[in-house]
Every structure is written in C-alpha cells, then in structure tokens.
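Summary of structural features
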Amino acid sequence: MIALFIILIIFSAFFSGTETALFHLKSYDNINEKVKKLLSRPQKLLSTLLTGNTIVNIAIGSLGATYTVNYISDKSTLPLSTLLFIEVVIITFLVLIFGEIIPKTYAIAKSEKFANAVAKPLDIILRFIYPIAFFFHKITDLIIRIFPIKKEQIFDSEEELMMLAEVGEEEGTLDHE
C-alpha cells in the first residue's frame, strides 16, 4: 500500500509540475516539437492535466482513508472521525508539499527543461486520460459559450496608460524620454 501511495504522489507531482512548466514557458524557442504539439490545444491539454491530477489526488485521499479504517482504527483508542481527520491533515500536507509545491517550484525554475523531459510520457498518459477528460472539456466549452470569457485587457484606455506612466515618472520608477 505504501508503494502505491508513493507512485500516486509521483503522478501528482508529474501532473502539477507539467501543468506549471507548460503554461509557464516564456518562448517556444528551446522546446521540442512534441511540446509544441501539446500546446497547440491548450484547453484540451489543461482539462486533461487537471482531470489526471484530480483523479490521482482523490485516489491518494481514498487510499489514506482505507488504510486508516482498515489498519489504524483497530489499534487506536481514538474515535474513527478523529483518525480520519488526522489522515486528511497528513494527506493534505504530503500532497501539498510533494505533489504540488515542490514540483511546481521546480517547474517554474526549469520550465523548458521540464516541458521537454515530460513531453513524450505526457503524450502517452494523455491518450489514456483524455476519454475521461473529454467529458469535462466539453462541459467547459459549453459553460464558456454560455458565459463568455472576455480576453484580459491590460489597460482599458490610452488615457489610463498615460496616467499610469505619469505616476511612474513622478515616483521615479520611470524616466521621462
């Protein structure tokens, strides 16, 4: 059971780090063709990565709860609800540290290297997960059509840009040219 837990944490780290690395790339100059192909459909890629990570993280929580109920509860004097609460806290800590924060921190620092390294295994994994993710992908498309998401505007008007430039110049963060 511990081996399965470790494998699931590795998959969680893989999905989290991969998502961050791929969507943190500043340029496409030093990435391989497989990465470019994956990024050509960003919404499909994102929904598949999130589906995979969610499935893995739910499996980790379920495995922890099963272990707690089947192996720890018989040996403990604490109520099952307390044991399960402790299990949730421990699993949350482990998933956040080893499945989210560490892989994402590394992925931000080494986006190109990370993206290139995971492209081939990711392509294989996505083929297995996409049939499940397809459902979520289509629901997302429908919701976006119903509630359109406008592209982010950096500035609402040229006037706002000029005001920000003046404030920057007054505060000494911009030089007048």
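Residues numbered from 1 in each chain as written. Predicted model: local features only at pLDDT ≥ 70, side-chain atom pairs only at ≥ 80, totals over all residues. Heavy atoms only, no water.

A word on the overall build of the protein chain
Tallying secondary structure elements over the protein chain gives 6 helices and 0 strands in all. The N-to-C order of helical and strand elements in the protein chain reads α-α-α-α-α-α. Counting only residues that meet the buried cut, the protein chain has 31% of its 177 residues in that class. Carbon and sulfur atoms make up 67% of the accessible area of the protein chain, which amounts to about 12200 Å² in all. (Helix = DSSP H or I, 4+ residues; strand = E, 2+ residues; numbered from the N terminus. Buried < 20%, exposed > 50% of the residue type's maximum accessible area, 1.4 Å probe, protein only. Areas by Shrake-Rupley, 256 points an atom, 1.4 Å probe, with all protein chains shown as cover.)

A word on the pattern of salt bridges
A full pass over the atoms with the stated rule returns 5 salt bridges. The partner of glutamate 33 in a salt bridge is lysine 36, with the nearest N and O atoms 3.5 Å apart. Highlighted residues: glutamate 33 and lysine 36, both in helix α2 (residues 33–39), separated by 3 residues, approximately one helical turn. For glutamate 33, a relative accessible area of 58% gives the class exposed. The salt bridge involving arginine 127 is made with aspartate 123; its shortest N-O contact spans 2.6 Å. With arginine 127 and aspartate 123 both in helix α5 (residues 111–146), this residue pair falls 4 residues apart, about one helical turn. Three or more residues joined by partner-sharing salt bridges are found here, namely Lys34, Asp123 and Arg127. (Salt bridge = Lys/Arg side-chain N within 4 Å of Asp/Glu carboxyl O.)

Thoughts on helix α4 (residues 80–109)
Given a rise of 1.5 Å per residue, 30 residues ought to cover 44 Å, and the 42 Å separating the end C-alpha atoms of α4 matches this to within 8%. When the local axis directions of α4 are compared, the greatest deviation, roughly 35°, occurs at leucine 96. Along α4, the residues that are buried comprise Leu83, Glu87, Ile91, Val95, Gly99, Glu100, Pro103 and Ala107. The inward-facing, buried residues of α4 contact α1 (2–24), α3 (42–72) and α5. (Expected span 1.5 Å × (residues − 1). Bend = angle between axes of the 7 residues up to and from the residue. Contact = heavy atoms within 4.5 Å.)

Description of α5
Given a rise of 1.5 Å per residue, 36 residues ought to cover 52 Å, yet the end C-alpha atoms of α5 are separated by just 34 Å, more than 12% below that figure. Of all the bends in α5, the greatest reaches close to 55° and is centred on tyrosine 130; the proline proline 131 follows between one and four positions later.

Things to note about the layout of surface pockets
Taken as a whole, the largest pocket spans an internal volume of roughly 300 Å³. In terms of lining residues, the largest pocket is bounded by 14 residues, among which Gly64, Tyr67, Thr68, Ile72 and Ile91 are the most central. Elements with a contribution of two residues or more to the lining of the largest pocket: α1, α3 and α4. If you tally residues by element for the lining of the largest pocket, the top one is α4, at 6 residues. (1 Å grid on protein atoms, 1.4 Å probe; cavity = no way out; pocket = protein on both sides within 12 Å on 5 of 7 lines; lining within 4 Å. Points joined across faces, edges and corners; volume = space filled by probe spheres on them.)

A short note on the packing of α1 against α4
In contact at an axis separation of 8 Å, α1 and α4 are set at 35° when each is read in the N-to-C sense. Viewed along their axes, α1 and α4 form a crossing whose handedness is right-handed. In this structure, α1 contributes Phe5, Ile9, Ser12, Ala13, Ser16, Gly17, Glu19, Thr20, Ala21 and His24 to the contact, and α4 contributes Ile91, Leu94, Val95, Phe98, Gly99, Glu100, Pro103, Lys104, Ala107 and Ile108. Class assignment of the residues belonging to the contact of α1 with α4 gives a composition of 11 nonpolar, 6 polar and 3 charged. (Axes fitted to C-alpha atoms, helices over the stretch in contact; angles between N-to-C directions. Left-handed = near helix turned anticlockwise from the far one by under 90°. Nonpolar A, V, L, I, M, F, W, Y, C, P; charged D, E, K, R; others polar.)

A short note on the packing of aromatic side chains
Per the stated rule, a full pass over the model turns up 6 aromatic pairs. Note on tyrosine 106 and phenylalanine 114: the rings are 5.9 Å apart at their centroids and 55° apart in plane angle, and the pair reads as tilted. Assessed through its relative accessible area of 38%, tyrosine 106 is described here as partly exposed. Ring plane angle 75° and centroid distance 5.3 Å describe the contact between phenylalanine 135 and phenylalanine 136, whose orientation is recorded as edge-to-face. Within the aromatic cluster, the residues linked to one another by ring pairs are Phe11, Phe14 and Phe15. The side chain of lysine 44 reaches across the aromatic face of tyrosine 130, ending 4.4 Å from its centre. (Phe/Tyr/Trp six-rings, centres within 6.5 Å; stacked < 30°, edge-to-face > 60°. Lys NZ or Arg CZ within 6 Å of the ring centre and 35° of its normal.)

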